[in-house]
Each structure stands twice: as C-alpha cells, then as structure tokens.
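# Chain and residue survey
Chain by chain, the residues:
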Amino acid sequence: MTNKEQIQKWIAEYGEGSDFVKVRVRGIFPSASSLQLIPSHLVENGLKRGEEILLEEYSFAARIFGVDIARYGDDSSSIVMRQGLKAELLWRGHGLCTMTVASVVAELEDKYRPDAVFIDSGSMGPGVIDRLRQLGRTPVEVNFQHKPIDPRFANKRAEMWWLTKEWLEAGGALPSFDTSRNEIRDILRGDLTSPEYGFTPANKILLESKEDMKKRGLPSPDTADGLALTFAAPVVKQQEVSTEMICDI
C-alpha cells in the first residue's frame, strides 16, 4: 500500500520528472548518479582530518556557533563550533527545557567567545533565542524555510547543507574523539550521509525534510544541522583586544 498524500507532497515539492520522485515513487534509476547529498567518503575524510588538522590552518578564522534545537522527544539539541576548516561538537543533549539549553549556550559563549551564534528558529528555538536576548546576548535566528542567499536553492536549509558539502570537499575537519566516544563518530556518519536531495519544479535544489527522513525510519540529523547552521551567513572575525592594549589606552 502507498501513502498517496505523501506521494503527492513529493511530486509537488520535487516535480514529476525529478530524480527524487523517480527513485522514491516510481522505483526507477535516477538521472543523476545518486540522491545522497554528502557521500560517505567525504565524511570519512573529514573524520580523518579532525585528527590531523593543525592550529595554523584554522586559528585565523572567525568562530561560529551553530545551535540546533530538538523538536521531538527522541531528537537531540546540538551546539557545534566551526572555525575555518575545523569543527567541534561542544555539546549534545535531549529532553531539556529551553531555559537549560539557553544556559548551556551562554556558558559556552563565555568560554569560546564566538563571533556569531546562529540558532534554528523552528519549534523550540524561539524560547532559547528569547532567553539569550534577555541575558544580553545577540543570537541570530535562522529559519530553515526562509529564502536563501543563493537562488539555486529552494530554501535556507538546502543552501547551508550544500555549503557543508563544499566545506568537506575543501578539507573540512570533523570533530575528532578518542575511541571511548566512537558513538559520536557514528552519529556524524549517519547524520551527514542520510539526507537525500532533489529539485523543485523550478529546478531549485531541495533537501529532504526531517519529517520525510523519519518516515524512512531515520533519526533527525541534529548534529549535522548544527554544523550546517554555521554556514547561515558569512562571518568576519572580530579583532581581539588584549588586556595589555586596554591598559595602554
């Protein structure tokens, strides 16, 4: 049996003749070689780079936080920091209230002094954003469905994920952990390689939604969304003022 409502939704979003519909609805081979946005070899290269990248390869770049807020009980909130070609998973947790998540973000801001904090504004996000603003912080809310900077993409989420792919192609280094935390490496592998993509009737690139992924039995790619959020907009590194400079002034 087929879910006719879901099929019509896919056709409306991707188009009758799209690769996504060819594979998922009609069961035929796609025109492109694969519907997978980020291939496995890029993720493996990124994990390897995480163990090898040198300080001078990224220290000059701006520090950017990407904060993805959990929507459902099984999902996790994630805070990822990217500095140039290096990414780090700073925190991951689930089942927490917005006040607790906001407190974690604020504590990590004080520790790492990011140049920008991008937060997913869907569902639970506004509560975290409002609390941070009450605390005098300046988070930037990002709506995944809003208009992208690049007109090739259907929405902001597709654009950010595509930039994540290009970052990995350029030598991006994914978070590295010791053997006792291999679970996180497996989560990253699954998160980054699971979403599929297609094209809208207007020929714009569209990433598979979290809801559609869940219908395929896949978890929400929360950690990868956190990384993707670090590509929400270009960020310039702010000049750091040392204590000696303040004293001289």
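To keep things clear, this report deals only with the structure shown in the data block. These numbers were taken from a predicted model, which means no experiment stands behind them.

Scanning the protein from terminus to terminus reveals 10 helices and 7 strands. Residues classed as buried in the protein amount to 50% of the 249 residues present. Long-range contacts, defined here as pairs at least 24 residues apart, represent 64% of the contacts in the protein between residues at least 6 apart. With the model as given, the accessible surface of the protein reaches about 12900 Å², and the carbon-plus-sulfur share is 52%.

Of note, R113 is a non-glycine position whose phi angle comes to about 50°, a positive value. Among the structural elements, R113 can be located in the loop between α4 (98-112) and β4 (116-120). A relative accessible area of 61% places R113 in the exposed class.

When its volume is computed, the largest pocket comes out at roughly 240 Å³. Lining the largest pocket are 20 residues, and of these R82, L163, F231, A233 and P234 sit closest to its centre. A per-element tally of the lining of the largest pocket places helix α6 (residues 156-169) first, with 5 residues. Its residues placed into classes, the lining of the largest pocket shows 12 nonpolar, 2 polar and 6 charged.

Cut-offs applied
- By convention here, each chain's residues receive numbers from 1 onward along its written sequence.
- Where local features are concerned, this predicted model is filtered to residues with pLDDT of at least 70; where side-chain atom pairs are given and counted, the filter is 80 or more; whole-chain, interface and lining totals use all residues.
- Hydrogens and waters are ignored; side-chain quantities use all the structure's heavy atoms.
- Runs of H or I in DSSP of at least four residues are treated as helices and runs of E of at least two as strands, each being numbered from the N terminus.
- The buried label applies to any residue whose accessible area, calculated with a 1.4 Å probe on protein chains only, is under 20% of its type's maximum; exposed applies above 50%, and partly exposed to all values in between.
- We call two residues contacting when some pair of their heavy atoms lies within 4.5 Å.
- Residue burial considers only the protein chains on display, and all accessible areas are found by Shrake-Rupley using a 1.4 Å probe.
- A cavity here means a set of points on a 1 Å grid, drawn over the protein atoms and nothing else, where a 1.4 Å probe fits but cannot get out; a pocket is an open set with protein on both sides within 12 Å along at least five of seven lines, and a residue lines either one if it has an atom within 4 Å of a point.
- Grid points are joined across faces, edges and corners, and a volume is the space filled by probe spheres set on the points.
- Here the term charged refers only to Asp, Glu, Lys and Arg, the term nonpolar to Ala, Val, Leu, Ile, Met, Phe, Trp, Tyr, Cys and Pro, and the term polar to all other amino acids, Gly among them.

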